[in-house]
Amino acid sequence: MSAPLRPRVHRAPLAFPRTLTVGVLGTGRVGAVLGAALAAAGHLVVAASGASGASRARLALLLPQTPHRPAPAVARAATDLLLVAVPDDALAAVIADLAATGALRPGQVVAHTSGAHGLAVLAPAAAAGARPLALHPAMTFTGTPDDLSRLAGSSYGVTAPAELRPFAARLVADLGGVPEWVGEADRPLYHAALAHGANHLVTVVNDAADRLRDAGVDRPEKVLAPLLRAALENALRLGDDALTGPVSRGDAGTVRRHLDRLAATAPESVPAYLALARRTADRAVAAGRLHPADAAPLRDVLDGMEVASSW
(Lines give C-alpha, C1' and ligand atoms only; values in the text may rest on other atoms or scores of the structure.)
Protein backbone atom coordinates (compact mmCIF):
# COMPACT_ATOMS: atom_id res chain seq x y z
CA MET A 1 0.00 0.00 0.00
CA SER A 2 1.46 3.33 -0.99
CA ALA A 3 2.07 6.00 1.59
CA PRO A 4 -0.52 8.79 1.70
CA LEU A 5 0.43 11.97 -0.12
CA ARG A 6 1.65 14.73 2.13
CA PRO A 7 -0.09 18.06 1.68
CA ARG A 8 2.07 20.77 0.20
CA VAL A 9 3.12 23.45 2.61
CA HIS A 10 2.77 26.93 1.12
CA ARG A 11 5.04 29.29 2.99
CA ALA A 12 4.16 32.94 2.91
CA PRO A 13 7.02 35.13 1.62
CA LEU A 14 9.12 36.72 4.31
CA ALA A 15 7.88 40.19 5.13
CA PHE A 16 10.25 43.07 5.76
CA PRO A 17 9.47 46.76 6.12
CA ARG A 18 10.23 48.96 3.14
CA THR A 19 12.55 51.04 5.30
CA LEU A 20 15.01 48.75 7.06
CA THR A 21 16.62 49.43 10.41
CA VAL A 22 20.27 48.67 9.78
CA GLY A 23 23.46 48.32 11.80
CA VAL A 24 26.94 48.16 10.30
CA LEU A 25 29.57 46.10 12.04
CA GLY A 26 32.95 47.18 10.70
CA THR A 27 33.31 50.59 9.06
CA GLY A 28 36.30 49.75 6.93
CA ARG A 29 36.30 50.70 3.27
CA VAL A 30 33.48 48.30 2.35
CA GLY A 31 31.23 48.62 5.41
CA ALA A 32 31.23 52.40 5.55
CA VAL A 33 30.47 52.76 1.84
CA LEU A 34 27.69 50.14 1.79
CA GLY A 35 26.21 51.69 4.91
CA ALA A 36 26.18 55.08 3.20
CA ALA A 37 24.62 53.54 0.09
CA LEU A 38 21.85 51.95 2.18
CA ALA A 39 21.21 55.28 3.89
CA ALA A 40 21.04 56.99 0.49
CA ALA A 41 18.45 54.37 -0.56
CA GLY A 42 16.24 55.45 2.35
CA HIS A 43 17.12 52.91 5.02
CA LEU A 44 17.88 53.86 8.63
CA VAL A 45 21.46 53.12 9.61
CA VAL A 46 21.04 53.44 13.36
CA ALA A 47 24.43 52.32 14.69
CA ALA A 48 27.87 51.30 13.51
CA SER A 49 31.17 50.14 14.93
CA GLY A 50 34.78 50.37 13.84
CA ALA A 51 37.87 49.49 15.81
CA SER A 52 40.49 51.77 14.26
CA GLY A 53 40.81 55.51 14.06
CA ALA A 54 40.56 55.28 10.27
CA SER A 55 37.29 53.38 10.57
CA ARG A 56 35.83 56.00 12.86
CA ALA A 57 36.95 58.73 10.48
CA ARG A 58 35.18 56.96 7.60
CA LEU A 59 32.04 56.68 9.74
CA ALA A 60 32.15 60.42 10.44
CA LEU A 61 32.66 61.17 6.75
CA LEU A 62 30.15 58.80 5.17
CA LEU A 63 27.56 58.35 7.93
CA PRO A 64 27.84 61.51 10.02
CA GLN A 65 24.44 61.01 11.71
CA THR A 66 25.13 57.41 12.73
CA PRO A 67 26.44 56.90 16.27
CA HIS A 68 29.45 54.73 16.98
CA ARG A 69 28.58 51.85 19.33
CA PRO A 70 30.21 48.65 20.59
CA ALA A 71 29.55 45.61 18.41
CA PRO A 72 26.87 43.97 20.62
CA ALA A 73 24.95 47.26 20.82
CA VAL A 74 25.07 47.61 17.02
CA ALA A 75 23.73 44.08 16.61
CA ARG A 76 20.85 44.72 19.03
CA ALA A 77 19.94 48.00 17.35
CA ALA A 78 19.88 46.43 13.87
CA THR A 79 16.40 45.00 14.15
CA ASP A 80 16.06 44.25 10.41
CA LEU A 81 19.57 43.98 8.95
CA LEU A 82 23.00 43.61 10.50
CA LEU A 83 25.72 44.17 7.88
CA VAL A 84 28.98 42.55 8.99
CA ALA A 85 31.96 43.89 7.04
CA VAL A 86 34.99 42.57 8.90
CA PRO A 87 38.10 40.80 7.52
CA ASP A 88 37.56 37.24 6.28
CA ASP A 89 39.67 35.62 8.98
CA ALA A 90 37.89 37.51 11.76
CA LEU A 91 34.34 36.81 10.57
CA ALA A 92 33.74 33.45 12.28
CA ALA A 93 34.86 34.71 15.69
CA VAL A 94 32.77 37.91 15.40
CA ILE A 95 29.60 35.96 14.56
CA ALA A 96 30.24 33.39 17.29
CA ASP A 97 30.78 36.15 19.89
CA LEU A 98 27.58 37.96 18.91
CA ALA A 99 25.57 34.75 19.16
CA ALA A 100 27.15 33.80 22.47
CA THR A 101 26.34 37.18 24.04
CA GLY A 102 22.69 37.04 22.90
CA ALA A 103 23.06 40.10 20.68
CA LEU A 104 21.27 38.46 17.72
CA ARG A 105 17.54 37.99 17.45
CA PRO A 106 15.16 35.70 15.55
CA GLY A 107 14.07 37.06 12.18
CA GLN A 108 16.92 39.55 11.91
CA VAL A 109 18.98 39.27 8.70
CA VAL A 110 22.70 38.91 9.35
CA ALA A 111 24.59 39.59 6.12
CA HIS A 112 28.34 39.48 5.68
CA THR A 113 30.31 41.05 2.82
CA SER A 114 33.03 38.42 2.51
CA GLY A 115 33.61 36.96 -0.93
CA ALA A 116 35.41 33.91 0.41
CA HIS A 117 32.69 32.80 2.85
CA GLY A 118 29.15 31.61 2.27
CA LEU A 119 26.45 30.76 4.78
CA ALA A 120 28.34 28.19 6.88
CA VAL A 121 30.27 30.88 8.75
CA LEU A 122 26.91 32.32 9.85
CA ALA A 123 25.76 29.06 11.48
CA PRO A 124 25.85 30.51 15.04
CA ALA A 125 23.62 33.38 13.88
CA ALA A 126 21.20 30.95 12.22
CA ALA A 127 21.11 28.87 15.39
CA ALA A 128 20.03 32.02 17.24
CA GLY A 129 17.13 32.40 14.80
CA ALA A 130 18.70 35.05 12.56
CA ARG A 131 18.49 34.76 8.77
CA PRO A 132 21.92 34.28 7.11
CA LEU A 133 22.96 36.07 3.93
CA ALA A 134 26.29 36.33 2.06
CA LEU A 135 26.45 39.56 0.08
CA HIS A 136 29.77 40.39 -1.58
CA PRO A 137 30.21 43.46 -3.80
CA ALA A 138 32.45 42.68 -6.78
CA MET A 139 34.09 46.08 -6.59
CA THR A 140 37.25 47.63 -5.21
CA PHE A 141 36.81 50.32 -2.55
CA THR A 142 38.74 53.37 -1.39
CA GLY A 143 36.44 54.14 1.54
CA THR A 144 35.57 57.61 0.19
CA PRO A 145 32.39 59.18 -1.22
CA ASP A 146 33.77 58.53 -4.72
CA ASP A 147 32.93 54.84 -4.22
CA LEU A 148 29.20 55.53 -4.09
CA SER A 149 29.01 56.42 -7.78
CA ARG A 150 30.91 53.24 -8.70
CA LEU A 151 28.31 51.00 -7.09
CA ALA A 152 25.75 51.60 -9.82
CA GLY A 153 25.64 48.50 -12.00
CA SER A 154 28.08 46.53 -9.85
CA SER A 155 27.58 42.81 -9.37
CA TYR A 156 27.09 41.21 -5.96
CA GLY A 157 27.97 37.59 -5.28
CA VAL A 158 24.94 36.44 -3.28
CA THR A 159 24.42 33.19 -1.39
CA ALA A 160 21.07 32.98 0.38
CA PRO A 161 18.49 30.47 1.57
CA ALA A 162 15.67 30.14 -0.96
CA GLU A 163 13.18 32.01 1.20
CA LEU A 164 15.56 34.96 1.54
CA ARG A 165 16.32 35.38 -2.17
CA PRO A 166 13.60 37.98 -2.84
CA PHE A 167 14.89 40.07 0.07
CA ALA A 168 18.48 39.71 -1.15
CA ALA A 169 17.50 40.76 -4.67
CA ARG A 170 15.68 43.81 -3.31
CA LEU A 171 18.65 44.75 -1.13
CA VAL A 172 21.06 44.52 -4.06
CA ALA A 173 18.69 46.62 -6.16
CA ASP A 174 18.61 49.24 -3.41
CA LEU A 175 22.41 49.35 -3.66
CA GLY A 176 22.13 49.90 -7.40
CA GLY A 177 23.60 46.49 -8.17
CA VAL A 178 22.87 43.19 -9.87
CA PRO A 179 22.81 39.85 -7.99
CA GLU A 180 24.93 36.91 -9.13
CA TRP A 181 23.73 33.79 -7.33
CA VAL A 182 26.72 31.78 -6.11
CA GLY A 183 26.41 28.31 -4.59
CA GLU A 184 27.80 27.69 -1.12
CA ALA A 185 30.49 25.31 -2.37
CA ASP A 186 31.49 27.74 -5.13
CA ARG A 187 32.27 30.73 -2.90
CA PRO A 188 36.06 30.05 -2.69
CA LEU A 189 36.29 29.67 -6.50
CA TYR A 190 34.20 32.81 -7.04
CA HIS A 191 36.44 34.78 -4.70
CA ALA A 192 39.65 33.33 -6.13
CA ALA A 193 38.57 34.49 -9.60
CA LEU A 194 37.96 38.04 -8.40
CA ALA A 195 41.18 38.21 -6.38
CA HIS A 196 43.19 36.82 -9.30
CA GLY A 197 41.65 39.29 -11.73
CA ALA A 198 41.69 42.43 -9.59
CA ASN A 199 44.33 42.11 -6.86
CA HIS A 200 46.94 40.50 -9.08
CA LEU A 201 46.20 43.10 -11.75
CA VAL A 202 47.34 45.80 -9.32
CA THR A 203 50.56 43.87 -8.66
CA VAL A 204 51.28 43.37 -12.36
CA VAL A 205 50.59 47.03 -13.17
CA ASN A 206 52.84 48.28 -10.39
CA ASP A 207 55.59 45.83 -11.38
CA ALA A 208 55.37 47.12 -14.95
CA ALA A 209 55.57 50.71 -13.71
CA ASP A 210 58.64 49.91 -11.62
CA ARG A 211 60.41 48.29 -14.57
CA LEU A 212 59.65 51.33 -16.76
CA ARG A 213 61.23 53.53 -14.09
CA ASP A 214 64.27 51.22 -14.17
CA ALA A 215 64.37 51.82 -17.94
CA GLY A 216 64.48 55.59 -17.41
CA VAL A 217 60.80 56.45 -17.98
CA ASP A 218 59.87 59.34 -15.68
CA ARG A 219 56.10 58.93 -15.83
CA PRO A 220 55.30 55.25 -16.36
CA GLU A 221 51.61 55.78 -15.66
CA LYS A 222 51.38 57.99 -18.76
CA VAL A 223 52.87 55.23 -20.90
CA LEU A 224 50.81 52.43 -19.36
CA ALA A 225 47.39 54.04 -19.09
CA PRO A 226 46.25 53.90 -22.75
CA LEU A 227 47.91 50.53 -23.33
CA LEU A 228 46.42 48.84 -20.29
CA ARG A 229 42.96 50.32 -20.77
CA ALA A 230 42.91 49.03 -24.33
CA ALA A 231 44.21 45.61 -23.26
CA LEU A 232 41.56 45.30 -20.53
CA GLU A 233 38.72 46.38 -22.79
CA ASN A 234 39.86 44.00 -25.53
CA ALA A 235 40.24 41.11 -23.09
CA LEU A 236 36.73 41.59 -21.73
CA ARG A 237 35.30 41.91 -25.23
CA LEU A 238 37.36 39.38 -27.18
CA GLY A 239 38.66 36.88 -24.63
CA ASP A 240 41.85 35.11 -25.74
CA ASP A 241 41.58 36.74 -29.18
CA ALA A 242 42.89 39.89 -27.46
CA LEU A 243 46.30 38.27 -26.86
CA THR A 244 49.21 40.12 -28.45
CA GLY A 245 52.94 40.33 -27.79
CA PRO A 246 55.96 38.05 -27.99
CA VAL A 247 54.52 35.07 -26.11
CA SER A 248 51.44 34.86 -28.32
CA ARG A 249 53.74 35.04 -31.39
CA GLY A 250 56.19 32.46 -30.05
CA ASP A 251 59.10 34.95 -30.10
CA ALA A 252 61.43 32.93 -27.90
CA GLY A 253 64.42 35.20 -28.53
CA THR A 254 62.56 38.30 -27.36
CA VAL A 255 61.32 36.54 -24.24
CA ARG A 256 64.86 35.33 -23.49
CA ARG A 257 66.15 38.92 -23.69
CA HIS A 258 63.33 40.06 -21.39
CA LEU A 259 64.26 37.46 -18.81
CA ASP A 260 68.01 38.08 -19.02
CA ARG A 261 67.55 41.79 -18.37
CA LEU A 262 64.97 41.23 -15.65
CA ALA A 263 67.31 38.79 -13.91
CA ALA A 264 70.05 41.42 -13.91
CA THR A 265 67.88 44.41 -12.98
CA ALA A 266 64.92 43.13 -10.94
CA PRO A 267 65.25 39.41 -10.15
CA GLU A 268 62.19 39.63 -7.91
CA SER A 269 60.06 40.08 -11.05
CA VAL A 270 61.35 36.95 -12.79
CA PRO A 271 59.13 34.31 -11.12
CA ALA A 272 55.94 36.25 -11.88
CA TYR A 273 57.01 36.86 -15.50
CA LEU A 274 57.77 33.15 -15.93
CA ALA A 275 54.46 32.03 -14.46
CA LEU A 276 52.39 34.48 -16.48
CA ALA A 277 54.30 33.83 -19.71
CA ARG A 278 53.76 30.08 -19.32
CA ARG A 279 50.05 30.55 -18.66
CA THR A 280 49.78 32.98 -21.58
CA ALA A 281 51.42 30.42 -23.85
CA ASP A 282 48.99 27.73 -22.67
CA ARG A 283 46.01 29.93 -23.44
CA ALA A 284 47.42 31.05 -26.78
CA VAL A 285 47.91 27.42 -27.86
CA ALA A 286 44.45 26.40 -26.64
CA ALA A 287 42.88 29.34 -28.51
CA GLY A 288 44.70 28.46 -31.74
CA ARG A 289 46.69 31.68 -31.75
CA LEU A 290 50.03 29.91 -31.23
CA HIS A 291 50.97 26.65 -32.95
CA PRO A 292 52.32 24.01 -30.54
CA ALA A 293 55.48 23.65 -32.65
CA ASP A 294 56.14 27.40 -32.34
CA ALA A 295 55.48 27.22 -28.61
CA ALA A 296 58.16 24.58 -28.00
CA PRO A 297 61.22 26.91 -28.23
CA LEU A 298 59.40 29.41 -26.05
CA ARG A 299 58.71 26.78 -23.39
CA ASP A 300 62.39 25.76 -23.52
CA VAL A 301 63.39 29.34 -22.71
CA LEU A 302 60.92 29.55 -19.83
CA ASP A 303 61.92 26.16 -18.41
CA GLY A 304 65.63 26.99 -18.70
CA MET A 305 65.23 30.29 -16.91
CA GLU A 306 63.18 28.66 -14.14
CA VAL A 307 65.93 26.12 -13.56
CA ALA A 308 68.60 28.84 -13.57
CA SER A 309 66.64 31.03 -11.14
CA SER A 310 66.37 28.13 -8.68
CA TRP A 311 70.16 27.75 -8.37
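Residues numbered from 1 in each chain as written. Predicted model: local features only at pLDDT ≥ 70, side-chain atom pairs only at ≥ 80, totals over all residues. Heavy atoms only, no water.

Secondary structure assignment for the chain yields 13 helices and 7 strands. The C-alpha atoms of the chain give 25 Å as radius of gyration, which overshoots the globular expectation for 311 residues (19 Å, by more than 25%). With respect to the principal axes defined by its C-alpha atoms, the chain has extents near 70 × 65 × 35 Å. Here the chain holds 311 residues, and the buried ones make up 36% of them. Sequence-distant contacts in the chain: of pairs separated by 6 or more residues, those separated by 24 or more amount to 62%. In the structure as shown, the chain presents an accessible area of about 16900 Å², 59% of it carried by carbon and sulfur atoms. With 30 positive and 27 negative side-chain charges, the chain shows a separation of 8 Å between the mean positions of the two kinds. (Helix = DSSP H or I, 4+ residues; strand = E, 2+ residues; numbered from the N terminus. Rg over C-alpha atoms; globule rule 2.2 N^0.38 Å. Buried < 20%, exposed > 50% of the residue type's maximum accessible area, 1.4 Å probe, protein only. Contact = heavy atoms within 4.5 Å. Areas by Shrake-Rupley, 256 points an atom, 1.4 Å probe, with all protein chains shown as cover. Lys, Arg positive; Asp, Glu negative; His and termini not counted. Charge placed at Lys NZ, Arg CZ, Asp CG, Glu CD.)

Looking now at the layout of surface pockets. Quantified by volume, the largest pocket comes out at close to 2700 Å³. Of all the secondary structure elements, the ones that give two or more residues to the lining of the largest pocket are α8 (187-214), α9 (220-238), α10 (246-249), α11 (252-265) and α12 (270-286). Split into classes, the residues belonging to the lining of the largest pocket amount to 28 nonpolar, 13 polar and 8 charged. Its boundaries defined by the atoms lining it, the second largest pocket holds a volume of some 1000 Å³. If you go around the second largest pocket, you meet 36 residues; those closest to its centre are Val-30, His-136, Met-139, Thr-140 and Phe-141. Sorting the residues of the lining of the second largest pocket by element identifies α1 (29-40), α2 (53-62), α4 (88-100), β5 (131-137) and α8 as the ones contributing at least two each. Of all the elements, α8 adds the most residues to the lining of the second largest pocket, at 6 residues. Here the lining of the second largest pocket is composed, by residue class, of 16 nonpolar, 16 polar and 4 charged. (1 Å grid on protein atoms, 1.4 Å probe; cavity = no way out; pocket = protein on both sides within 12 Å on 5 of 7 lines; lining within 4 Å. Points joined across faces, edges and corners; volume = space filled by probe spheres on them. Nonpolar A, V, L, I, M, F, W, Y, C, P; charged D, E, K, R; others polar.)

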